[in-house]
Amino acid sequence: MNEIKHPLLNQNELNLALKEQGFEFEIVNEIDSTNSSIKKRLNSLNHKFVLAAEAQTKGRGRQNRSFVSHESKGIYCSVLWKMPFDAQQVRWFSLMSALALAQAILKVTGLRVDIKWPNDLYLRGKKIAGILIESELNPEQTEIALILGFGINVYKQDFEGELKDKVGTLEDFCDLSLDRNKLLIEILKEFDKTCEIPYTSESRLTYSRFNRLPQKKLRIQKNDYTFEAYLLGINEEGYMECIKENGEIMSLTVEEIHFV
Ligand code: BTN
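Residues numbered from 1 in each chain as written. Predicted model: local features only at pLDDT ≥ 70, side-chain atom pairs only at ≥ 80, totals over all residues. Heavy atoms only, no water.

1. Focus on the overall build of the protein chain
- Of the regular secondary structure elements, the protein chain holds 6 helices and 12 strands.
- Each principal axis of the C-alpha distribution contributes one length, and for the protein chain these read about 60 × 50 × 35 Å.
- The buried share of the protein chain, taken over its 260 residues, is 51%.
- Long-range pairs, those at least 24 residues apart, make up 63% of the contacts in the protein chain with a sequence separation of at least 6.
- Of the charged side chains in the protein chain, 34 are positive and 38 negative, and the gap between their average positions amounts to 3 Å. (Helix = DSSP H or I, 4+ residues; strand = E, 2+ residues; numbered from the N terminus. Buried < 20%, exposed > 50% of the residue type's maximum accessible area, 1.4 Å probe, protein only. Contact = heavy atoms within 4.5 Å. Lys, Arg positive; Asp, Glu negative; His and termini not counted. Charge placed at Lys NZ, Arg CZ, Asp CG, Glu CD.)

In structure tokens form, the structure reads like this:
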């Protein structure tokens with residue numbers, strides 16, 4: 001079977017479309033990980049530097065997982081965002097980045113994804129995108145550099161082993177011919193609009209509309225303590241709240257909990 005050739009990521013097209021927003025692009029054919037590469041060059045790169053690769057050899061996900069990044073089949077991209085440090089704003093940034101991806105995908109493909117807290121994207125139960133945010137604070141703790149890495153499975157491809165049943169692509173669910181440049185442009189426009197806005201009840205509501213909460217009791221490990229609870233939704237500080245069987249409500253942060 002002949003492979004269909006999809007357009008490659010195009011640095012000129014991207015630079016031109018997002019000049020007004022001030023993004024600066026570097027597109028490479030292959031790299032270990034776009035997040036790792038930005039991390040190494042953090043001090044010499046500017047706010048809104050964007051690095052995207054056609055393929056990654058060591059794509060990384062959250063909780064030390066790897067992220068499969070087949071050549072030219074997805075968007076593997078990291079954005080450097082430098083801003084004044086505010087813990088609540090950073091929590092919010094993580095949720096808003098998922099919302100930006102969801103809104104852009106809806107706009108370009110008509111597909112309505114579910115956000116699984118904090119920032120995994122699913123279509124009919126299959127994971128199609130994930131976000132890895134890494135950060136570095138300056139010694140005075142006044143400025144933070146966030147590396148916002150996202151991977152989206154765009155075109156149909158074969159996944160191996162246990163991923164086969166768990167992972168999907170946009171193309172699996174969409175008849176339109178997809179262009180990664182157009183999608184990336186829309187994603188970055190959405191990031192630009194939403195990522196740094198302060199918390200508002202309206203944006204919390206919008207996030208909640210996309211956020212699919214499991215309807216079953218979960219086993220949660222918070223540091224050394226394991227318990228069962230239902231997830232309730234995001235509270236005003238950007239924490240996920242859960243309710244235990246005895247009615248106690250607890251708030252959870254991404255860093256300290258695991259579902260077991
Ligand atoms: C996850 O699903 O746990 C997060 C996946 C994040 C993958 C992206 S691809 C671009 C960037 N570079 C990486 O090494 N990881 C992120």
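What follows continues from the structure just given.
2. A word on the sheet that holds strand β6 (residues 126-137)
- Read from one edge of the open sheet, 7 strands run β1-β2-β3-β7-β6-β5-β4, paired in mixed fashion. Each edge of the open sheet carries a strand with a single partner, namely β1 (24-31) and β4 (114-116). Strand after strand, the sheet turns through a mean of 20° between neighbouring axes, direction not considered.
- Here 9 bridges tie β6 to strand β7 (residues 143-153), and the two strands are oriented antiparallel to one another. Residue pairing in the sheet places Glu134 in a bridge with Ile147 of β7. (Pairing = 2+ DSSP bridges. Axes fitted to C-alpha atoms, helices over the stretch in contact; angles between N-to-C directions.)

3. What about the pairing of strand β2 (residues 49-56)?
- Most of β2 sits inside the fold, with 8 of its 8 residues counted as buried.
- Summarising the sheet, β1 and β2 pair through 7 bridges and their orientation is parallel. Counterpart to Glu30 in the pairing with β2 is Ala55.

4. Some remarks on the packing of helix α3 (residues 87-109) against helix α5 (residues 180-194)
- In the contact formed by α3 and α5, the axes pass within 8 Å of each other and the chain directions differ by 140°. With respect to α5, the element α3 is oriented oblique. The way α3 lies across α5 gives a crossing that is right-handed. Here Met96, Ser97, Ala100, Leu101, Gln103, Ala104, Ile105, Lys107 and Val108 of α3 lie close against α5, whose contacting residues are Lys182, Leu183, Glu186, Ile187, Glu190, Phe191, Lys193 and Thr194.
- Here the contact of α3 with α5 is built from residues that sort into 9 nonpolar, 3 polar and 5 charged. (Parallel < 35°, antiparallel > 145°, perpendicular 65-115°, else oblique. Left-handed = near helix turned anticlockwise from the far one by under 90°. Nonpolar A, V, L, I, M, F, W, Y, C, P; charged D, E, K, R; others polar.)

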